[in-house]
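Commentary on secondary and tertiary structure
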Amino acid sequence: MVDISNVSEAKINKITEVIKELTNKIAANCEKEQSNGLLSGLAGQLLFLYNAHRFDPKLVNEDMFSEYLDRLQQGLPDQSFELSNGLAGQAWVLEYFNQANAENYEHDLLDDIDGLFVQALGSLPWNGEIEMVLGLAGYTPYASRRAKFSDQEKLYEVIVDGFERNATELDNEQITWSQPLDSVYRFDKGDDRDNPKESTGAEYNLGLAHGVPGILAALLHAVNIPSLRERVTKLLLGGCDWLLEQQNKSIEPHSACFGCSADGAPESRLGWCYGDLTIALTLARVGKAIDRPSYVDKALEIAVHTTTRDDKSGHIIDAGLCHGSVGLVTIYQMLNNIMPHPALEKATHTWLDYSLAKYDEKGMESFYSYNGLSKSHNEDFSFLMGYAGIGLAYIGFLDDDVSWTDCLLLS
């Protein structure tokens, strides 16, 4: 737990003012938001507004919130299935709201969606994307959240089956997963862009968002299901052992422990999507779950090493959850929660102060998201890249409640 007892009243007041500004911006945007998605649309913004209301009920108009929530629910039949902009993410949000009011929890609210996902994922051997944003791993935040109040064995069964079928088992008992040849997230798409099946062979992604760490995090909660525990433990052990083998052989201060892909460039950014931080968090969580202290020890070593990096070596150019400065506050906070260490607590405060200094310099523009195509910073209201996620991170720092991070495979 991050200690905020030494945080000055002035700093707490500044964070509170930022939360108010973000709330006003997002509330005004909801009316014109076109997407219902979690990562970049209405669902993610409602997630922030809900937590802003819990933080200070005066910040959010309940009638307005109810109107937008009704709009989200009415649009469910028209959605695609994936986490990013589809049903898996939106249903996770509805379950999050449902569980927050535990005394009046509606047990059958999403029963139909449970059945829909089981049928859709299990009807054929899974041959689509395997990562979390568009693929198979993206159904596990919903499954793990639902499993707190209902039996999700059937859904987890088809998900685990999909990962088993797509796994590569090596002679040394290590296990890994290659990006599908036609994945939109492959770094090397080959020379024939019109025929992705002609692309090159195996490619192993090391990012939480699109790679092996995300698959390990996706499998983690299934280890609590007795009928699946042995199968899942095998995948977790083999996958973590393989992942640790991908660490850079030579590591200097201010450098990365892992690249973005196996056999690729040795550098990666500090962030949620790619890099050492979420690899460390995943290793620590697996180690705690299946009683492998060596994974936790290695995770702590990696996490502490990251604290030698700054905005330049960490490639920090904006503020959002995905790969920005405020996102680092939440990730270091979670690392310190699971592996308490002075360096991790200090890093939480360092990146908090960094983000607030940027706010003092540029105001709300300091929270704009960087667009790699246009090479410019632009206003962004979304959960993953923009205002909504930034606001959740600040609230989570003040009240030490980051339970919403399970939708990003962080908890």
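Please refer to the structure higher up on the page.
Residues numbered from 1 in each chain as written. Predicted model: local features only at pLDDT ≥ 70, side-chain atom pairs only at ≥ 80, totals over all residues. Heavy atoms only, no water.

1. Focus: the overall build of the chain
A tally of helices and strands in the chain yields 14 helices and four strands. A principal-axis box enclosing the C-alpha atoms of the chain has dimensions of 60 × 50 × 45 Å. Contacts spanning at least 24 positions in sequence make up 66% of the contacts within the chain whose residues lie at least 6 apart. Summed over its atoms, the accessible surface of the chain is roughly 17300 Å², and 48% of this surface lies on carbon and sulfur atoms. The centroid of the 32 positive side-chain charges in the chain is displaced by 4 Å from the centroid of its 61 negative side-chain charges. (Helix = DSSP H or I, 4+ residues; strand = E, 2+ residues; numbered from the N terminus. Contact = heavy atoms within 4.5 Å. Areas by Shrake-Rupley, 256 points an atom, 1.4 Å probe, with all protein chains shown as cover. Lys, Arg positive; Asp, Glu negative; His and termini not counted. Charge placed at Lys NZ, Arg CZ, Asp CG, Glu CD.)

2. Some words on the environment of Leu283
You can see Leu283 is positioned in helix H10 (residues 276–289). What Leu283 contacts, discounting residues up to four positions off in sequence, is Cys240, Leu243, Leu244, Tyr295, Val296, Ala299 and Ile302.

3. Quick word on the packing of aromatic side chains
Tallying each qualifying case throughout the model produces 19 aromatic pairs. Seen in terms of ring centroids, Tyr50 and Phe97 are 4.7 Å apart; in terms of plane orientation they differ by 35°. Their pairing is tilted. Of this pair, Tyr50 sits in helix H2 (residues 42–55) while Phe97 sits in helix H4 (residues 87–100), placing them 47 residues apart in sequence. The exposure classification of Tyr50 matches that of Phe97, with both residues buried. Both rings, one in Phe65 and one in Phe97, keep their centres 5.7 Å apart while their planes meet at 70°; by these two values the pair is edge-to-face. Of this pair, Phe65 sits in helix H3 (residues 62–74) while Phe97 sits in helix H4, placing them 32 residues apart in sequence. Phe97 sits in the buried class, given a relative accessible area of 9%. Among the aromatic side chains, those forming a connected cluster through ring pairs are Tyr50, Phe65, Trp92, Tyr96 and Phe97. (Phe/Tyr/Trp six-rings, centres within 6.5 Å; stacked < 30°, edge-to-face > 60°. Buried < 20%, exposed > 50% of the residue type's maximum accessible area, 1.4 Å probe, protein only.)

4. Some remarks on unusual backbone geometry
A positive phi is found at Asp263, a non-glycine position, where the angle reads about 65°. Along the chain, the position of Asp263 falls in the loop between helix H9 (229–245) and H10.

5. With respect to the nonpolar core
Grouped burial of nonpolar side chains is what soluble globular proteins tend to show. Core analysis: the biggest nonpolar cluster contains 139 residues, and Trp177, Trp272, Phe367, Phe383 and Tyr394 have the highest contact counts within it. The biggest single contributor to this core is helix H14 (residues 387–399), with nine residues. Residues in contact with Tyr394, not counting those within four places in the same chain, are Ile15, Val18, Ile19, Leu22, Val326, Leu352, Ser355, Leu356 and Phe367. (Core = buried A, V, L, I, M, F, W, Y, C linked by side-chain atoms within 4.5 Å.)

All quantities given are derived from atomic positions and should not be read as evidence of function.
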